[in-house]
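Residues per chain are reported as follows:
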Amino acid sequence: MKTLVKEKDTAFKETERMAGSLAIVKCLLEENVEYLFGYPGGAIMPVYDAMYDYQEQLKHILNRHEQGAVHAAQGYARATGKVGVCIATSGPGATNLITGIADALIDSTPLVCITGQVPKHLIGSDAFQETDVIGLSLPVTKWNYQITDAAEIPEIFAKAFYIANSGRPGPVLIDICKNAQLGELDFYYKKCDFIRSYVPVPKAKEVALQEAADLINKAKRPFLLFGHGVTIAGAEEELKQVIEKTGVPAAWTIMGLSALETDHPQNVGMLGMHGNYGPNILTNECDVLIAVGMRFDDRVTGDLNRYAKQAKVIHLEIDPAEIDKNVKTDVALLGDAKATMQALLPLLKENKHKAWTQRFHDCMKMEKEMIIDQEMTPEKEGMTMAEVIRRINERTEGKAIIVTDVGQHQMVACRYANFQQHRGNITSGGLGTMGFCLPAAFGAKLGAPDREVVAIIGDGGFQMTIQELGTLWQTETNVKIVILNNEFLGMVRQWQQLFFDKRYSATELVNPNFVAISKGYGIEAERVSKREDLDAAIDRMFDHDLSYLLEVMVEKEDCVFPMIPSGASVSEIRLS
């Protein structure tokens, strides 16, 4: 039955009487959701029943674990810039999402997470599969809400999508009681574009813009750091215009990787604990430090008491909470990175800074001789992770989306992967979630079907979400999976080697036959242990039409250098 309602600022609108479960599906369609990653269960079953008639419009992906669903939604969101959506039942279904939600919050990934809940009258009674998911998720969501009445559904869903992908993006959770799914409402959907007291995008002040421009124009040794905020804002071109006009050298956080082409002459490398030598030591020699869309994470700064104390700091940031949180800012430019750089650009003067930039290149030359050449073209018998990445670079020409898990392989991939296209790097940055890669790579491929997607995984992290091979198989999705197998929890082992006298406590892995497991899931696979077999195996992997798993046996006790020891200054970065 259809009726008419009058909105405050519109003419009469037609509504339709329907169940809450169907209204949820209609909300997702109104928000142009293409993929829904999830796992069914009792408390969300009415929504799954409603989805049955909309399988063409709303493609549900049956992941093998709820954590796989949320990571897949993250991968989709990161590859597209759209909101990723996942769905789970109450209790353990909801709690299994929490790790991915926490990961999305710290890495500013837009998600709408839907969970079922027991009926309203049972809340607080310790009913079967009842968990206080609102209380659990409160610290790790941008916003959450529990729907107890079907009439709330359209407004709450509209708010959720707006909050998730406005300002600094993040995860939103909607918990829906079963009685709200079964109840009825007069459905009418209006997208949300305003919430009172919520200001997602502040605007940089003219005075601050001029102050920042003056500092940059007068600087003798300016240095720009860029992070994930550049990609979120779609500000890659503005970033390039700023550094090319001013001649400022630029370095990236692992979340900022791929916002600037790897071979750009002013791209001087990676910041942080396993970053490049020059960007780290010269941070403590620059006179103006320009941070764009990055939050001065401890892995970038090292000891804050000895971080860039000589520099004037300009911080371009959309989230006011990040200003002065870790590093004292001299000029804060609050706002969207794209709009802020567009406003800043006309105030900047042409410059070169050739001698200053050459110092970064000199540092890179030294690092190349001492570390990179030995890793990329090693003389040792065993293969290194870096040479595998080099061969993948040659095959993909920097156009692939590289998805990494967490550990040594992640640092090696970030250091050596070649990126010539934006949104090419997807990794778990702030939370460092092992198990992220495989489902995230799957989601990324659905979001970017025309791009090659390569999952670089360690043998430890792979086993945390190995069951998602079943999702790849069932959906016939083409992801290239490369396991860099050193038979260790490599990053923890490296710390044990360097700082705990090689006391390898609980880090050596006895692994299963990954090739047999992959083939058991219907995915072609092979194992390579000799260097002379690597090139042909990589070619076979990329020539295969569907997903392919390549296990590469690498040196067991290689370390990733450079490295800043925990608690040290960026100036104390070690080359060996």
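Use the structure listed above.
About the thresholds
Residues numbered from 1 in each chain as written. Predicted model: local features only at pLDDT ≥ 70, side-chain atom pairs only at ≥ 80, totals over all residues. Heavy atoms only, no water. Disulfide = S-S within 2.5 Å. Pairing = 2+ DSSP bridges. Helix = DSSP H or I, 4+ residues; strand = E, 2+ residues; numbered from the N terminus. Axes fitted to C-alpha atoms, helices over the stretch in contact; angles between N-to-C directions. Buried < 20%, exposed > 50% of the residue type's maximum accessible area, 1.4 Å probe, protein only. Core = buried A, V, L, I, M, F, W, Y, C linked by side-chain atoms within 4.5 Å. Salt bridge = Lys/Arg side-chain N within 4 Å of Asp/Glu carboxyl O. Polar contact = N/O pair within 3.5 Å; in protein donor to acceptor, adjacent residues only side chain to side chain. Contact = heavy atoms within 4.5 Å.

A. Just the state of the cysteines, in detail. Throughout the structure, instances matching the rule amount to 0 disulfides. Looking at Cys177, it has no disulfide partner, and the nearest cysteine sulfur is the one in Cys27, 16 Å off. With no disulfide of its own, Cys192 has Cys27 as its nearest cysteine by sulfur position, at a separation of 12 Å.

B. Quick peek at the sheet that holds strand 13 (residues 288-292). Across the sheet, 6 strands lie side by side as 12-11-10-13-14-15; this open sheet has parallel pairing. Two strands close off the open sheet at either side, each with one partner strand: strand 12 (267-270) and strand 15 (331-334). The sheet shows a mean angle of 20° between the axes of neighbouring strands, direction not considered. Direction of pairing for strand 13 relative to strand 14 (residues 312-317): parallel, over a ladder of 5 bridges. Directly across from Val288, in strand 14, lies its bridge partner Lys312.

C. Representation of unusual backbone geometry. Across the junction of Phe561 and Pro562, the peptide omega takes the value 0°, indicating a cis bond. Assignment of secondary structure puts Pro562 in the segment after strand 21 (548-553). Here the phi dihedral of Asn32 falls at roughly 60°; this positive angle occurs in a residue that is not glycine. With respect to the helices and strands, Asn32 occurs in the loop between helix 1 (20-30) and strand 3 (35-38). On the basis of relative accessibility, which here comes to 60%, the residue Asn32 falls in the exposed class. The backbone of Ser258 shows a phi angle near 90°, a positive value even though the residue is not glycine. Of note, Ser258 is situated in the loop between strand 11 (250-252) and strand 12.

D. Main features of the nonpolar core. Counting 100 residues, the largest nonpolar core has Phe223, Leu224, Phe226, Leu289 and Leu333 as its most contacted members. Formed by 50 residues, the second largest nonpolar core is a distinct cluster that contains Ala73, Ala79, Cys86 and Ala440.

E. Expanded view of the pattern of salt bridges. Applying the stated criterion across every chain yields a total of 28 salt bridges. Between Arg415 and Glu367 there is a salt bridge; the shortest N-O distance is 2.7 Å. Of this pair, Arg415 sits in helix 17 (residues 408-416) while Glu367 sits in helix 15 (residues 354-376), and the two are 48 residues apart along the sequence. For the residue pair Arg415 and Glu367, the accessibility class agrees, reading buried in each case. Between Glu487 and Lys556 there is a salt bridge; the shortest N-O distance is 3.6 Å. Here Glu487, found in the loop between strand 19 (480-485) and helix 21 (490-499), pairs with Lys556, found in the segment after strand 21; they are 69 residues apart in sequence, far enough to count as distant. Using a relative accessible area of 25% as the deciding quantity, one classes Glu487 as partly exposed. In this structure Lys556 comes out as partly exposed when scored by relative accessible area, which is 31%.

F. Spotlight on the side chain of Thr246. Tracing the chain through its elements places Thr246 in helix 11 (residues 236-246). For Thr246, a relative accessible area of 2% gives the class buried. Only 2.7 Å separates the side chain of Thr246 from the backbone oxygen of Val242, close enough to count as a polar contact. Of note is the side chain of Thr246, whose polar atom sits 3.4 Å from the backbone nitrogen of Val248. Excluding its chain neighbours within four sequence positions, the residues that come into contact with Thr246 are Ile216, Leu348, Lys349, Asn351, Lys352 and His353.

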